[in-house]
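# A closer look at the structure
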Amino acid sequence: MRTLHTQALAHLRATIHQKVILPDEVWKDFAQGWTLVTPAKNEYLTKVGETERYLYFVEDGVQRGFHLVDGEEVCVAFSFDHSYSGIVDSFLTQTPAKYYLQAISDSVLLRLSYHDLQGLYERHKSVERWGRLICEDILIGKANREVAILSYTAEERYRRLMIQSPRCIQLIPQKYLASYLRMTPETFSRLRKKVKDL
């Protein structure tokens, strides 16, 4: 487990350094707060009404964020290897979550508590800058997704996903991807065949 933790931290540091270089002394302090967790397939990390206490970094596995609309699950986000995860709005505001975070495969995650992150922000300007840049990326991603859902045809949404996140097709069950793209599984299946045949 210690080796896995060390490996995950190395991947976390490499991901962070794509945005901000943390000096060794800052990294040492930063790394101490991250703990390893291994949720099983279908395990909930956060449920509606719970406050998101952690920011996650995915070492392995796939997770989905979803909420219920008239009893139907609607997927709003996915996370997988070497990306961040969590119910972001709940985490940032420390208020009850409005949707669920669930592992859809056995997963290996690092997690950092809200309290520990705030302390790191106070101590290290470079960590605070990293946090700001991550929030900017999330905001831009949400805005682009909203435009796609409201303005693009089903085929355009499918093609956009294929270009931006081709791994999704292999990693995530079709019914969840269809929900994320706001289409029926039948439409998703038809588009997958059509685009493959082109």
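Presented here is a report on the structure given in the accompanying data block. (Residues numbered from 1 in each chain as written. Predicted model: local features only at pLDDT ≥ 70, side-chain atom pairs only at ≥ 80, totals over all residues. Heavy atoms only, no water.)

### What to know about the nonpolar core
Core analysis: the biggest nonpolar cluster contains 25 residues, and L12, F30, W34 and W130 have the highest contact counts within it. Counting only elements with at least two residues in this core, the list comes to α1 (2–16), α2 (24–32), β3 (54–60), β8 (108–113), α4 (114–123) and α5 (125–151). Residue contacts for F30: discarding those within four places in its chain leaves L12, I16, L22, L120, V127 and W130. One finds Y100, I104, C168 and Y180 within the second-largest nonpolar core, a separate group that totals 21 residues. (Core = buried A, V, L, I, M, F, W, Y, C linked by side-chain atoms within 4.5 Å. Buried < 20%, exposed > 50% of the residue type's maximum accessible area, 1.4 Å probe, protein only. Helix = DSSP H or I, 4+ residues; strand = E, 2+ residues; numbered from the N terminus. Contact = heavy atoms within 4.5 Å.)

### Quick notes on α2
Listing the buried residues of α2 in full gives V26, W27, F30 and A31. Projected down its long axis, α2 carries its buried residues within an arc of 125°, all on one side. More than 90 degrees from the buried face of α2, the exposed residues found are E25, K28 and Q32. (Arc of directions from axis to C-beta.)

### A closer look at the packing of α5 against helix α6 (residues 154–164)
Angle between the axes and distance between the axes are the two parameters that describe a pair of packed helices. One can describe the packing of α5 onto α6 by two numbers: an axis separation of 8 Å at closest approach and a directional angle of 150°. Viewed along their axes, α5 and α6 adopt a mutual orientation that is roughly antiparallel. Contact residues: N144, R145, A148, I149 and S151 in α5; E156, R157 and R160 in α6. (Axes fitted to C-alpha atoms, helices over the stretch in contact; angles between N-to-C directions. Parallel < 35°, antiparallel > 145°, perpendicular 65-115°, else oblique.)

### Notes on the sheet that holds β8
Read from one edge to the other, the open sheet built from four strands follows the order β1-β8-β3-β6, with strand pairing classed as antiparallel. Two strands in the sheet have a free side with no partner beyond their single neighbour: β1 (35–37) and β6 (84–85). Direction of pairing for β3 relative to β8: antiparallel, over a ladder of six bridges. Bridge pairing in β8 links Y56 to R111. Packing against the sheet, α1 makes contact with β1, β3, β6 and β8, and its axis sits at approximately 105° to β3. (Pairing = 2+ DSSP bridges.)

### Quick word on the pattern of salt bridges
As enumerated under the stated definition, the model contains nine salt bridges in all. Of the charged contacts in the structure, one is a salt bridge between D137 and K19, with a shortest N-O distance of 2.6 Å. Of this pair, D137 sits in helix α5 while K19 sits in the loop between α1 and α2, and the two are 118 residues apart along the sequence. Using a relative accessible area of 37% as the deciding quantity, one classes D137 as partly exposed. (Salt bridge = Lys/Arg side-chain N within 4 Å of Asp/Glu carboxyl O.)

### Structural notes on the side chain of R64
Among the secondary structure elements, R64 is positioned in strand β4 (residues 63–69). Its relative accessible area of 2% is what places R64 among the buried residues. Within the structure, the side chain of R64 is placed 2.8 Å from the side chain of E73, a separation counted as a polar contact. Discounting residues that sit within four places of it in the chain, R64 has contacts with E73, C75, A77, F78, Y100, L101, Q102, I104 and Y176. (Polar contact = N/O pair within 3.5 Å; in protein donor to acceptor, adjacent residues only side chain to side chain.)

### Regarding the sheet that holds strand β7 (residues 100–103)
Taken in spatial order, the four strands of this open sheet run β2-β7-β4-β5, and their pairing is antiparallel. At either end of the open sheet lies a strand with only one pairing partner, and these are β2 (44–46) and β5 (72–79). On average, each strand axis in the sheet is tilted by 35° relative to the strand beside it, whichever way the strands run. Of the pairings in the sheet, the one linking β2 to β7 comprises two bridges and is antiparallel in character. From the neighbouring strand, Y44 faces β7, where its bridge partner is Q102.

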